[in-house]
Amino acid sequence: AYAMPLKKIHLTGKTPAVVPQLDATTAKAIVADGRDWTPKARNTLYDAMSDAELLKRLQSWSPIVRERAAMAYGAHETASAALLIDMLASPSVETRYGACQGLIFLRERAAPAINALQKTLSHPDLWLRIKAAEALTAIGKPAMKTVPQLLELLAQVDEKNDPRGMQQRYLSFALFATNDEHGEGMLSRSLDGVDRPALYKAVQAGLKNQDGRARGTIGSVYRQLSFHELKPLLPAIHEAILEPAPSGEMFADEIRVEGLRVMAQHHVEQGMSALVKYTREQNPWASQERTPELMKILLEYGTHAKAVIPELEKIAHYFEKEEPDFPPKFMIQKANSVRDTIKAIKASTE
């Protein structure tokens, strides 16, 4: 549809493909890999498979087959961590991926694999290191001894081999995430015993990650540190507010709002101007819900917030009269939220 008006249609098959064409045997094998699963019976057929069959499927080239097999294997009482540990030593990287996936679904029963997984964190394959970290996270408390190594890996930047920081992204989930599809991060609830310089280095690196969702996980660190402990991180927190992540836009606001909340809670002056700037430049998506939250944060500055009233008045006018492509009723709702805040600031004596 886009190419037709430009007269730039490229029909597949017109020139040789960069990927070799599948032969009949391979095509049949791929179809077979997709069998034993339907939307109406997602797990039934895999759950009925023997341990031996599931272990075979954990060695598949397909990440989908490996995950389905891991889910079923983890549900079996007879599932063995020892067999998965043996698979971690395989020369096949796909088999090693499958071993990690299986250990993820064994959770705390996979504790005997901690040492083998820790060695795997040094493997040259990026995705294998990530899967090993996810497995350690799934094991939980027994794997806490690996936290220093995980923090060190998170802090690493490899622009040549990992320009988008994917290792850093997934390690942020493994260490800091709170109750999302990635599970509970190893440090999301407690930082007891964690070396602060190593933590700071990892956080500073993570706050520069290109993915907004990965940055958002670091909010759990903010909430666990005293102001004295936060001081070394304030420049990085401030920068992460002003400079949004270039991708993961839907989630990019989370760490910015969390940073503003921390700065207001501890009455850091630079937080006021950062909040006003962000209020005006925020992603319009869901901004009718976010703006009242921002205004509530601003009120924590009390009478000091009077300094930004002129800017707030301009923002209220923009929200009501000038913001493009936004529902009028929400424009007025945002403008009223800002104007109510201006009144509250003027009346403040705190």
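Quick notes on the rules
- Residues numbered from 1 in each chain as written.
- Predicted model: local features only at pLDDT ≥ 70, side-chain atom pairs only at ≥ 80, totals over all residues.
- Heavy atoms only, no water.
- Core = buried A, V, L, I, M, F, W, Y, C linked by side-chain atoms within 4.5 Å.
- Buried < 20%, exposed > 50% of the residue type's maximum accessible area, 1.4 Å probe, protein only.
- Helix = DSSP H or I, 4+ residues; strand = E, 2+ residues; numbered from the N terminus.
- Contact = heavy atoms within 4.5 Å.
- Phe/Tyr/Trp six-rings, centres within 6.5 Å; stacked < 30°, edge-to-face > 60°.
- Axes fitted to C-alpha atoms, helices over the stretch in contact; angles between N-to-C directions.
- Parallel < 35°, antiparallel > 145°, perpendicular 65-115°, else oblique.
- Left-handed = near helix turned anticlockwise from the far one by under 90°.
- Nonpolar A, V, L, I, M, F, W, Y, C, P; charged D, E, K, R; others polar.
- Salt bridge = Lys/Arg side-chain N within 4 Å of Asp/Glu carboxyl O.

A. Quick look at the nonpolar core. In this structure, Leu103, Leu117, Leu151, Phe176, Leu199, Leu298 and Leu312 are the most contacted members of the largest nonpolar core, which totals 91 residues. Here this core takes seven residues from helix 9 (residues 126–139), the largest share from any one element. Not counting residues within four places of it along the chain, the set of residues in contact with leucine 199 comprises Leu151, Phe176, Leu191, Val194, Val221 and Leu225.

B. Local environment of the packing of aromatic side chains. For the structure shown, the criterion picks out four aromatic pairs. Aromatic pair tyrosine 170 and phenylalanine 173: ring centres 6.1 Å apart, planes at 75°, arrangement edge-to-face. One end of the pair is tyrosine 170 and the other is phenylalanine 173, both in helix 11 (residues 166–176) and three residues apart, which spans about a single turn. A centroid spacing of 6.5 Å and a plane angle of 55° characterise the contact between phenylalanine 326 and phenylalanine 330, whose relative ring orientation is tilted.

C. Region of interest: unusual backbone geometry. If you check the backbone angles, lysine 7 has positive phi at about 55° while not being a glycine. Within the fold, lysine 7 resides in the loop between helix 1 (3–6) and helix 2 (24–34). Of note in this structure, histidine 267 is not a glycine but carries a positive phi near 55°. Topologically, histidine 267 is positioned in the loop between helix 17 (253–265) and helix 18 (270–281). When its relative accessible area of 56% is taken as the criterion, histidine 267 is described as exposed.

D. Structural view of the packing of helix 7 (residues 93–106) against helix 9. Their axes nearest at 8 Å, the elements helix 7 and helix 9 cross at an angle of 15°. One finds that helix 7 runs roughly parallel with respect to helix 9. The chirality of how helix 7 crosses helix 9 is left-handed. Counting all contacts with helix 7, which are made through Val93, Arg96, Tyr97, Cys100, Gln101, Leu103 and Ile104, the residues of helix 9 involved are Trp127, Leu128, Lys131, Ala132, Glu134, Ala135 and Ala138. Residues of the contact of helix 7 with helix 9, tallied by class, amount to 10 nonpolar, one polar and three charged.

E. Structural view of the pattern of salt bridges. Using the criterion set out here, one finds 15 salt bridges in the structure. Sharing partners across several salt bridges, the network here consists of Arg223, Glu258, Arg261 and Glu293.

F. Just the environment of isoleucine 315, in detail. Secondary-structure assignment places isoleucine 315 in helix 20 (residues 309–322). When the C-alpha atoms of isoleucine 315 and arginine 280 are compared, they prove to be 6.2 Å apart, with 35 residues separating the residues in sequence. In this structure, isoleucine 315 is in contact with Val276, Thr279, Arg280 and Val338, ignoring residues within four places of it in sequence.

G. A look at the side chain of serine 172. You can see serine 172 is positioned in helix 11. When near neighbours in sequence (up to four residues on either side) are disregarded, serine 172 contacts Leu154, Ala177, Ala214 and Thr217.

H. Up close: the environment of glutamine 333. When you line up the elements, glutamine 333 lands in helix 21 (residues 328–347). Along the backbone, glutamine 333 and glutamate 320 are 13 residues apart, and their C-alpha atoms lie at a distance of 8.3 Å.

Everything listed here is a matter of coordinates, which is why it stays silent on function.
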